[in-house]
Amino acid sequence: MAFVEFDKVNFSYREGEKNAVSDLSFSLEKGDFVALVGHNGSGKSTIAKLMNGLLVPTSGKVTVDGMSTENEASLFDIRKHIGVVFQNPDNQMVATIIEDDIAFGPENLGLPSEKIRERVDWALSSVGMLEYKKGTPFRLSGGQKQRIAIAGILAIRPDVLVLDESTAMLDPEGRREVMKVVSELNALGMAVVMITHFMEEAALAKRIIVLNEGRIIFDGGREIFAHAEELNAAGIELPVCTSVAARLKKMGYDISEQIVLPEELAEALCRL
Amino acid sequence: MKDISLGQFYPARSPMHRLDPRTKILMTVVYIVMAIGFTSSFVSFGVLALIVLLGVLFSRIPIGKVLKSVRAIIFLVVFSFIFTLFFYSAKENDTLLVHWWKINIYLEGIYTATKLMLRLFLLVMGPTLLTLTTTPVDLTDGLESLLKPLKLIKFPVHELTIIMSIALRFIPSLSEETEKIINAQKARGADFDSGNIFKKAKALLPVLIPLFVSAFRRADELADAMDSRCYRGAKGRTKMKVLKLRFADFVAFFLLLAFFFVILLLKYNWFGIAFIEAFI
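Residues numbered from 1 in each chain as written. Chains lettered and ligands numbered in written order. Predicted model: local features only at pLDDT ≥ 70, side-chain atom pairs only at ≥ 80, totals over all residues. Heavy atoms only, no water.

Chemist: Outline the overall build of chain B, listing residues and values.
Modeler: The secondary structure content of chain B amounts to 11 helices and 3 strands. Along the chain direction, N to C, the helices and strands of chain B fall in the order β-α-α-α-α-α-β-β-α-α-α-α-α-α. Overall, chain B is about 70 × 55 × 40 Å in size when its C-alpha atoms are taken along their principal axes. In chain B, which comprises 280 residues, the proportion classed as buried is 38%. Counting only contacts in chain B whose residues sit at least 6 apart along the sequence, the fraction spanning at least 24 positions is 72%. Accessible area for chain B stands at about 16,700 Å²; split by element, carbon and sulfur atoms hold 71% of it. Computing the positive centroid from 34 side-chain charges and the negative centroid from 20, chain B places the two 3 Å apart. (Helix = DSSP H or I, 4+ residues; strand = E, 2+ residues; numbered from the N terminus. Buried < 20%, exposed > 50% of the residue type's maximum accessible area, 1.4 Å probe, protein only. Contact = heavy atoms within 4.5 Å. Areas by Shrake-Rupley, 256 points an atom, 1.4 Å probe, with all protein chains shown as cover. Lys, Arg positive; Asp, Glu negative; His and termini not counted. Charge placed at Lys NZ, Arg CZ, Asp CG, Glu CD.)

See the structure below:
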């Protein structure tokens, strides 16, 4: 059995309402790097909350390390494995001093004081914010605040880090900061689930799952970028470089359609 | 406005800052009891002022910071001073200083009003020292620890203190939000500055409603985030910062008790010491 498994999951927020996710089945292993992409209302944020048991499927089953999220008694253990970072860093902080905030998770785990301090230092240095330990988060930039929010989850040492549109409110600089941290964490073996509507970010993942109307319409690697029309139909905007490449291809140039980043496009253009 | 984030906390390295928050809270309670219940003569007010002064010295806080706290109540103090002065009900041997129309001002009236003023000032300054030298987190931690015995009667101590610290944590966020909403309404032509007080209050309604909506939304998100960070109430929860009483805590507390004794002595003079008699 896979580490995280969604088995024919249906979920609707109110009875009789349209399903937010329908018949969803997929699985994740430790160390994976998956991007969940979809436009607003495609059910991607619902998936994050289903994964750590904040929401329970209307039908079907979500299991983490063999434990079902339906079982309230195992939620604590599930949340030790699955750490979810949400969109707005301001609404995820519980304390006015950064180190106190990071300590919140390990404190809930019931760790002894010295262990908590170790974890706080480790989590803060993993996101490159150790020097702000004694400071307050209010004066930080959006990207820095979100890195603090990620550190708050890291201190619990989850196996899977879920980022629920954690870059949506950030400026490009902040987005880059967060993406760099996330890639580094994945390189260290932490599974990452990136929920986003930016295709550029999704391109960093090894696996891309595209959602539309609560259903998976694509699950695979970067070849998705060749399916420009389908993506547009799902309400997803392609990265500028990808659409440039796609148009060039249409005009008859020999260029790959899987171009996402500006550097890649520059190189491909030079080779033409 | 954003500085509210740390309460009034004044970061510094000082013996007062290092004291255990529990000691400081208890000392503040004792101080308040002294100031309200047992100071009656000018000399005992002097003793209270000396306590505050020592506190300021040992906390390395510029005295201006402490005096600033008094500014907020100056209107109240002046008002009650005048009120007490004019409405002092004279006793037999009081000295009449001014008599004009229906107004009588007695020397004893001036004394009483001045004492009231001193009492109010000193009452504010003591607790201010507490909040200047203790972070809100330490304060709530200290409170949680002090209230622990109430758990025996099933009082939700942990819940109460976490509510307090989250409330403190969200003050700056909400005040920032209020500012944003006010600006947004102003941009659409709302007028907050003219009209009488009722008109002004009514103009605030379109600010309060979105503020409430956003506060509830934030609460919802925060609850999800706390759940996601394995929060399940006080159950199995430990603390990173373990409170520990040190020798200095005992010294500080007993010093305060010694002052308390002096004040009691000044009030009751159990031993009939002659020179104290003069002060009463």
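The structure having been displayed, the exposition proceeds.
Chemist: An account of the side chain of His158(B) is requested, with residue identities and associated values reported.
Modeler: Residue and element names in this part refer to chain B. Mapped onto the fold, His 158 is located in helix α8 (residues 157-187). Take His 158: its relative accessible area is 4%, and that puts it in the buried class. Looking at His 158, its side chain comes within polar contact range of the side chain of Glu 144, at 3.3 Å. (Polar contact = N/O pair within 3.5 Å; in protein donor to acceptor, adjacent residues only side chain to side chain.)

Chemist: Any details on the pairing of strand β1 (residues 4-11) of chain A? Residues and values, ideally.
Modeler: Residues and elements named next belong to chain A. Here β1 pairs with strand β2 (residues 21-28) via 5 bridges, running antiparallel. What sits directly across from Val 9, in β2, is Leu 24. Relative to strand β4 (residues 59-64), β1 is paired through 5 bridges, and the arrangement is antiparallel. From the neighbouring strand, Asn 10 faces β4, where its bridge partner is Ser 59. (Pairing = 2+ DSSP bridges.)

Chemist: Can you lay out the environment of Lys18(A) for me, pointing to particular residues and giving the numbers?
Modeler: All names here are of chain A. Tracing the chain through its elements places Lys 18 in the loop between β1 and β2. Under the relative-accessibility criterion, Lys 18 is labelled exposed at 60%. For the pair Lys 18 and Glu 223, spaced 205 residues apart in sequence, the C-alpha separation works out to 31 Å. With near-sequence residues (within four places) excluded, Lys 18 lies in contact with Ser 12 and Glu 213. At 3.4 Å, the side chain of Lys 18 forms a polar contact with the side chain of Glu 213.

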